[in-house]
Amino acid sequence: MIEQIGAWRRRRVLTGMAAGTAVLAAPALLRAAPSGKPVKVGGTLSLTGFLAQTAGIHRIAAEIMVEEINSRNGFLGRPVEYVLLDDQSKPEMARSLYEKLITVDKVDLIQGPYATAPILAAMGVAQRYGKVMIQSSMGIPKLQTYDRAFPATPFGPEPDKTYPNVILDAMASIPTPPKTIVVLTSKFPSAQFMAKGMQKEAEARGVKVMLYLEYESGNHDFGAIAARVKEANPDFLWVGSLGLESNLLLEALRKLDYAPKNHFHLYPAPGPLALSPDGDRALCSTFLEPDEPFMSRPGMKRYAAEFKERATKANLPYTTIDAQACGMISEWQMLEAAVNGAVSLDDAKIATWLKTHKVDTVLGHLRFDGPYNHGDASQMIKQVQHKEWKVVWPKEFAAPGVKLIAS
Amino acid sequence: MAMKVARDLPRLVAALAVGAFALLPTAGLPAFYDSFLYLVLFWVSLATSWALLSGFAGYFSLGHAAFFGVGLYTTAVMATKFDVPFLLTLPAAAILPALLAVVIGAIVFRLRRLRGELFALLTLAVTFVIATIVLNTPIDGGGGIFMSAVPLPSLMPTPTGTFYLLAFVICVTTLAIAWKVSHSRLGMGLFAIHDDEDVAEAKGVPTFRYKLAAFALSAGIAGIVGGVHAMFVGFITVAGTFELTVPLYVVLMSVLGGSRSWFGPAVGAVVITTLLNSFNSGDQAMLGRAFVGFILIVAILWLPDGVVPAVRKWLKRRPTGAARAGAAVAPVVASTKPAGDRTLLEVRGATKRFGGLLALAGVDLDVREGEIVGLVGPNGSGKTTLINVISGHYPLSGGSIALDGRQISALPAHDIARRGVARTYQIPRPFMNMTALENVIAAATFGGPSRSPAEIREESLHWMAFTGLSGKEDMLPAGLNLHERKFLELARALATKPKLLLLDEVLSGLNPTEIDNAIRLVRAIRAQGATIVFVEHLMRAVVELSDRVAVLNEGKLFALGAPHEVMRDPGVVSIYLGKAYAA
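Numbers given for residues are sequential positions, taken from 1 along each chain in its written order. To label them, take the chains in the order written and letter them from A, then take the ligands in the order written and number them from 1. For a predicted model such as this one, the threshold for reporting local features is a pLDDT of at least 70, and the threshold for listing and counting side-chain atom pairs is 80 or more; totals across whole chains, interfaces and linings nevertheless cover every residue.

Undergrad: For this particular structure, what's the right way to read the interface of chain A and chain B?
TA: Interfaces are often sized by the accessible area lost when the parts come together. Note on contacts: residues are paired as contacts if their backbone-placed C-beta atoms lie within 7 Å. If you look at the interface, chain A gives 30 residues, while chain B gives 27 residues. The helix and strand labels rest on DSSP assignments: H or I over at least four residues marks a helix, E over at least two residues marks a strand, and numbering proceeds from the N terminus. Looking at the side of chain A that touches chain B, the elements that each hand over two or more residues are β2 (80-86), α3 (91-103), α4 (116-129) and α6 (189-204) of chain A. Note that Gly is not counted as nonpolar here; it falls among the polar residues with everything else outside the nonpolar set of Ala, Val, Leu, Ile, Met, Phe, Trp, Tyr, Cys and Pro and the charged set of Asp, Glu, Lys and Arg. Grouping the constituent residues of the side of chain A that touches chain B by class yields 12 nonpolar, 8 polar and 10 charged.

Structure representation (structure tokens):
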């Protein structure tokens, strides 16, 4: 009996040890280095040309993701090889190079380029070959008419309607909500698109639009525009700016001894505006900042640390991870999830899977079953506080202890 | 029969090659090659079209993006806003920019000061103006134009193949136009304009009309290229269209290949586009661009005239096996008509003002047919100005000039040249990029009576021989000495078979032996029955050559008569030597 009990115990122990070993060993086995013929994922970035500054960010983010995916299981057990080409910031080059990626390099999958014009040029190629194309930087969702093109950023299908209301909601929450607004915008397609939405939504909510003004993209002389803003003296200034335009406008306003009461900037150069003496309390659009609650999202701390290290090594001017970099991370997270979900590299199956599933990304839970394959909008507002950008709206995404400060 | 086959064979091969290239998309190659070749053909067409005006005529334009952009937006607007089928938009995409160029040219080309860098800046400004108009009107309005809904006709099995075919047709047509122009009267005129526009006009080149034609052709081609590119790119924005890349690239391509050659810009475009596409991998992007830049700098430094002219020059240096046969000199029948009483040139009250300066103050002068009139006077007396107003280089401020009884004072210089007035310059002004023979042929083509190219060539060779320039036909003017350049001026003038020859200090700067040669030459010219007005300071030559001498002083005709009488006139002596000395 004792022997029987002993034998039983030994069997149990051995079985348990074997099972325990198997359980412990399983993740290691699953994490075994992918092998076999690499899965080629092709894409272009504007590594040279006028958009080159952003490409450095995207490239680092993509490389982080490819390494991470390969450190797991690659795509279906095969290593991922990122075939990156330089589209020189030109849509015609983007178009030609996607032809190359698909017909010469014979990539299995593609990732989208950066900026609306190259994306649309590449989208035509992707459509002809039935390739899934995920992109993170097209600001006008309605132009994404290809049913296998997917956004990696939560713009929502109608950001010209949804985002103005996020801004107006935030403004309505301050002690003295604005009753008047001035809308200025660069004549850049995505900025102009949002500005027209802002004008319309403001009027719909009873905020008087005192001035709607468009200026040429890349304008350097804001003296006359600043004079008109000062004359209008709105409660809220909305600027559809790109790059350094906001800095130049605020400087021109300062020269007129005028500080706008509350001011929002659409796509400014984040660093220069945050560090500018005129940039204090400036508001801006975002999907994510390197604070809580975003840093608690899966992998985010690791991505941030990795990004900082690589960006420093690459001599990038801003080494902190931001929404741009996270857009690219989100692209790869979507692709990985879709390949694994569909258990296939077939574009049709991947597209079908994306349309019917949600994907957890650093930019939140994304779905793609709405118009133009867009899901819920998740735009947020950040504000310069003590020379740093902090998410201030919606409140649940505000950094701990941070509140929207009204001027 | 065999000869005919041998003659036609290259054409047949060329036609077959063109046909084969046109059908490349049906060869089953990966679509990328269609796409890449589209970009190559795109740049070949753009660079070649730029060279039609800027390379051939030397009017350096930085505004090619304007015409490219107008064509691009013409197609985009017609196709998206008016539902015009894509292919039907293309003629309009060519015509509108061409018309725009004509309008701009009609204003700009009338102003002599708008040459060189001013023209470049003006065309650049035109680009900005057009971009501003497009951006601030419903043409674009800032939102861009998305072309995805515009159907692309299926001319080839794939859309990329269709783009390739369209680009190929435009490219072949553009190259054919460039070849035709460069081998035509128009091209010769444009090359002359490039080298010296004032001289070209004085030699009979209708410079204004030719520049307009080149500008319209250049803009029209850029426009249709833009029209096709609108569909290729798919999403049109003002910033992406009217950017500096287009003018900078076409300039670089043309300069690299050789902008005066019909084929040079194409070579430059192929080289640069291929290089730029050879370094597009993510790892080499920056390094590749730097390498391309380095190659271009080296090529431009070592081959300042471009690759094609350098290769041509190198080929010419190679021994051809047989020495160039001496050109047959056509006999020119000398006119035996003596100086008669018929008045060929009538100058009445010729007045020319330059601001407050009165250079000619009512000069009256008759020149009889077959006569040699020496025009003398101290510096600043108005001699060269009189030559300039007779030849049309300067418009008259007052008075009139008639040739053969017909008023010519209101005519442009090229028209006066065509009516039989030829001139030389005190400091020779040959077309520096043309050989000596080409210089003479150009003058004969535009200034003389209508003749076949073969006749013009034969007569040009004759006049080169007549002026002692045999054997120098293929030399560039830079290789000739002053004496030879002066005689080249004469050969150019004589080749036009002028009724009236205006010689401006043809003897200045020559040594005594060369002067004797020149005097003999002018006598020989006179023996041909030419009517000559010549400005000269060398009194020995004036006395020896002139039938009559006209003395100008302070813009007025001071004396006119037989050489020996005039030269003994105390008034004339005092003008030359000063009153105190004369007294």
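Now that the structure is up, let's keep going.
Undergrad: Honestly, the domain arrangement of chain A in this entry has me stumped. Any pointers?
TA: Residues and elements named next belong to chain A. What fixes the domain bounds is an automatic or database domain assignment. When its domains are assigned, chain A resolves into domain 1 (39-154 + 294-373) and domain 2 (159-286 + 380-397). Centre-to-centre, using C-alpha coordinates, domain 1 lies 29 Å away from domain 2. Counting residues at the interface gives 8 residues for domain 1, matched by 7 residues for domain 2. Looking at the side of domain 1 that touches domain 2, its residues break down into 5 nonpolar, 2 polar and 1 charged.

Undergrad: Any chance you could explain the sheet that holds strand β3 (residues 109-110) of chain A here in plain terms?
TA: Pairing between the strands of a sheet comes from backbone hydrogen bonds, and it takes one of two forms, parallel or antiparallel. All names here are of chain A. Two strands are counted as paired when DSSP detects at least two bridges linking them. The strand order across the open sheet formed by 3 strands is β2-β1-β3, and the pairing between neighbours is parallel. Edge positions in the sheet fall to β2 and β3, since each has one partner strand and no second. The sheet contact formed by strand β1 (residues 39-45) and β2 spans 7 bridges and is parallel. Residue pairing in the sheet places L45 in a bridge with D86 of β2. Axes, fitted as lines to C-alpha atoms, cover a helix only where it is in contact. Angles between the N-to-C directions of the axes lie from 0 to 180 degrees. Contacts from α3 reach β1, β2 and β3, with the element oriented near 170° to β1.

Undergrad: I tried to follow helix α7 (residues 185-195) of chain B on my own but got confused; where do I start?
TA: For an α-helix, 3.6 residues make a turn, and residues three or four places apart therefore share a direction. To sort residues by exposure, count the other C-beta atoms lying within 10 Å of each residue's C-beta; 20 or more gives buried, 12 or fewer gives exposed, and values between give partly exposed, all with C-beta atoms placed from the backbone. The buried fraction of α7(B) is high, at 10 of 11 residues. When α7(B) is considered as a whole, its buried residues turn out to be B:L186, B:G187, B:M188, B:G189, B:L190, B:F191, B:A192, B:I193, B:H194 and B:D195.

Undergrad: Mind showing me how you'd approach the domain arrangement of chain B here?
TA: Residue and element names in this part refer to chain B. Taken domain by domain, chain B consists of domain 1 (21-242) and domain 2 (370-394 + 412-582). Averaged C-alpha coordinates put domain 1 and domain 2 at centres separated by 44 Å. Facing 17 residues of domain 1, the contacting portion of domain 2 comprises 18 residues. For the side of domain 1 that touches domain 2, the element with the most residues is α7, which contributes 7 residues. Considered class by class, the residues forming the side of domain 1 that touches domain 2 number 7 nonpolar, 4 polar and 6 charged.

Undergrad: Would you take a moment to explain the environment of B:F291 for this structure?
TA: Residue and element names in this part refer to chain B. Structurally, F291 can be placed in helix α13 (residues 285-302). What makes F291 partly exposed here is the crowd of 14 C-beta atoms within 10 Å. Taking the C-alpha atoms as reference, F291 lies 47 Å from Y425; in sequence the two are 134 residues apart.

Undergrad: Looking at this structure, I do not really get the packing of helix α2 (residues 31-55) of chain B against helix α12 (residues 264-278) of chain B. What am I missing?
TA: Between two packed helices, both the angle of their axes relative to each other and the distance between the axes serve to describe the pair. Residue and element names in this part refer to chain B. Viewed as axis vectors pointing N to C, α2 and α12 meet at an angle of 140°, and their least axial separation amounts to 8 Å. Judged by the angle between their axes, α2 and α12 are oblique. As α2 runs across α12, the sense of the crossing is right-handed. Of α12, the residues touching α2 (which contributes F36, L39, V40, W43, V44, A47, T48, W50, A51 and G55) are P265, A266, G268, A269, V270, T273 and N277. Split into classes, the residues belonging to the contact of α2 with α12 amount to 12 nonpolar, 5 polar and no charged. Here roughly perpendicular refers to angles of 65 to 115 degrees, roughly parallel to angles under 35, roughly antiparallel to angles over 145, and oblique to all remaining angles. Note on convention: the crossing is left-handed when the near helix lies turned anticlockwise from the far helix by less than a right angle, right-handed when the turn is clockwise.

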